[in-house]
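Secondary and tertiary structure notes
Here are the chains, one letter per residue:
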Amino acid sequence: MTFTLEGMHAETAASDALAPVLEADFYRFQQTLTDTEQRALGRIRAFLDAEVRPFADDHWEQARSPRHLVPRIAELGLYANAFERTRHFDNSALFRGWVAMEISRADPSTATFIGVHSGLAMTAIAVGGSEEQRAEWMPKLAAGELIAAFGLTEPGHGSDTAKGLETTAERRGDHWVLNGAKRWIGNGAFADLVVIWARDVADDQVKGFLVRTPTPGFSATTIARKQSLRAVENADILLEDVIVAENDRLQRIGGFRDVAVVLRLTRADVAWQALGVAVGAYECAVAYAAHRVQFGKPIASYQLVQQKLADALAAITASTALCVRVSQLQDEGEQTDQQAAMAKAFVTARMREVVALAREICGGNGIQLGGHEQLGADIPPGYSVARYFADAEAVYTFEGTYDMNSLIVGRAITGIAAFV
Ligand SMILES: Cc1cc2nc3c(=O)[nH]c(=O)nc-3n(C[C@H](O)[C@H](O)[C@H](O)COP(=O)(O)OP(=O)(O)OC[C@H]3O[C@@H](n4cnc5c(N)ncnc54)[C@H](O)[C@@H]3O)c2cc1C
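For clarity, every value in this text was computed on a predicted model and none was experimentally measured. (Residues numbered from 1 in each chain as written. Predicted model: local features only at pLDDT ≥ 70, side-chain atom pairs only at ≥ 80, totals over all residues. Heavy atoms only, no water.)

What follows deals with the site of the ligand. What surrounds the ligand is a group of 19 residues, the closest being Phe 150, Thr 153, Ser 159, Thr 401 and Asp 403. Ser 159 is positioned such that a nitrogen or oxygen atom in its side chain is 2.6 Å from an oxygen atom of the ligand. In this structure, Gly 186 approaches the ligand through a main-chain N or O atom, which is 3.0 Å from an oxygen atom. When the ligand sits alone it has 980 Å² of accessible area, and the protein chains cover 68% of it. When contributions to the shell around the ligand are tallied by element, the ones reaching two or more residues are β3 (175–186), α10 (385–397) and α11 (402–414). (Near = heavy atom within 4 Å. Polar contact = N/O pair within 3.5 Å; in protein donor to acceptor, adjacent residues only side chain to side chain. Areas by Shrake-Rupley, 256 points an atom, 1.4 Å probe, with all protein chains shown as cover. Helix = DSSP H or I, 4+ residues; strand = E, 2+ residues; numbered from the N terminus.)

This part takes up the pattern of salt bridges. Between side chains of opposite charge, pairing is possible as soon as their charged atoms come close. In the structure shown here, the tally under the stated rule is 25 salt bridges. In this structure, the salt-bridge partner of Glu 102 is Arg 105, at a minimum N-O distance of 3.1 Å. With a gap of three residues between them, Glu 102 and Arg 105 both fall in helix α3 (residues 93–106), about one helical turn apart. For Glu 102, a relative accessible area of 1% gives the class buried. The buried category is assigned to Arg 105, whose relative accessible area is 7%. Measuring nitrogen to oxygen at the nearest pair gives 2.6 Å for the salt bridge that ties Asp 200 to Lys 207. You'll find Asp 200 and Lys 207 in the same group, each marked buried. (Salt bridge = Lys/Arg side-chain N within 4 Å of Asp/Glu carboxyl O. Buried < 20%, exposed > 50% of the residue type's maximum accessible area, 1.4 Å probe, protein only.)

Turning our eyes to something else, we now look at empty space enclosed by the protein. Taken as a whole, this structure holds four cavities of 30 Å³ or more when the rule is applied. Quantified by volume, the largest cavity comes out at close to 60 Å³. Cys 284, Tyr 288, Cys 362, Asn 365, Gly 366, Gln 368, Gly 371, His 372, Tyr 383, Ser 384, Val 385 and Ala 386 are the residues that line the largest cavity. Put simply, the parts of the chain that give the lining of the largest cavity at least two residues each are α7 (256–291) and α10. For the lining of the largest cavity, the residue count by class is six nonpolar, six polar and no charged. Its volume calculated, the second largest cavity comes out at about 40 Å³. As for the second largest cavity, its lining consists of Leu 22, Ala 24, Asp 25, Trp 98, Met 101, Leu 275, Val 279, Ile 316 and Thr 320. Secondary structure elements with two or more residues in the lining of the second largest cavity: α3, α7 and α8 (303–331). Split by residue class, the lining of the second largest cavity holds seven nonpolar, one polar and one charged. Per-domain counts for the lining of the second largest cavity show at least three residues from each of domain 1 (11–142) and domain 3 (256–414). (1 Å grid on protein atoms, 1.4 Å probe; cavity = no way out; pocket = protein on both sides within 12 Å on 5 of 7 lines; lining within 4 Å. Points joined across faces, edges and corners; volume = space filled by probe spheres on them. Nonpolar A, V, L, I, M, F, W, Y, C, P; charged D, E, K, R; others polar. Domains from an automatic or database assignment.)

And the structure:
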């Protein structure tokens, strides 16, 4: 699963400092990373603080994906992270998780923008593509020359795609004809390449197709009025007699069980992303509580506020422990579907608790983008607890809802599938 990208990471060699351990990393889990990885993390954090967080509220409000960041994200090697070992960072699941957390901590929409491309779509090609397909697509995707999307969900099928998927693929000679509709597809409105999952009418198996856009019969409409992860441009996609060459069918996908392999690998990353949402919101609340004065004292001095902060930090710490372990298991090749499902369910539930506590601490200013600016205090732009609060809802729902991931664990405990 490795390929080379000569020279891509030259710039990232510039700094040698290890990333400082975050105050929200109470048990110093970051130190489970290698020094090489911690140095890379420092460079990534500097990029996020300078180029992502300060502009995140504006992108969110304008519902605009930060596409101008693509070259910088590629330069930092973030698209290639999962697939390539370089002298600047290893390609461990643990490091990939930390990176997902850091990006989400700055901006959950940017984390999703990257995650859909390099997590879902590139992993689908890495897992399901032939050698030739990987050689053709992965370098271009890693370099950000092309942007990809992952089309699984449909208007009528979200949690039950394994059994319910209705998009059809019909083989005609050396090509396939796709028909159907997809919903909620991140990056779908502007992607150059969309991995479309469709059911083969001949054998009823789900297969993967690399659909190059624009192509006749393919149309994508941006979903408007979204109130979570607004800076991710999700699309409704229509496929009307879309022709795809047999060469563009993912050659190593034999059925939905192979799609499940992709989701197993990416679901743990989404747990890390949820952790980043929680950390981002918690940091907003800590900064706000230190500056907001009521009854003549900073609200941070009141017991009830400290209780909320302590509860939030404990939830973050427990979540970090789970994320670290699930990634270690992935690196050892031992991670199971149910372990990934538990991590996603547990961490997203804790994330929801933390963003609610953090929003509460920020009072009325916590429901406005940039609300903390009312304090006139020295808190940098982008510390908007309202954004994390709203974004948490989508992260809670995608890559398997809390319910579905819990039921996957429930099936492992009891041997009984409660959801079919
Ligand atoms: C911002 C965003 C980005 C997304 N990006 C992508 C993407 O890039 N590609 C993609 O393919 N999809 C994407 N999705 C879709 C996402 O994966 C689905 O929303 C998710 O799988 C849930 O499906 P659904 O919304 O249809 O909800 P439903 O499946 O309709 O579920 C509704 C509710 O019913 C519950 N439920 C359903 N079945 C059961 C059961 N058997 N037992 C108990 N409870 C049940 C669910 O837990 C949930 O609470 C995205 C979604 C969002 C919101």
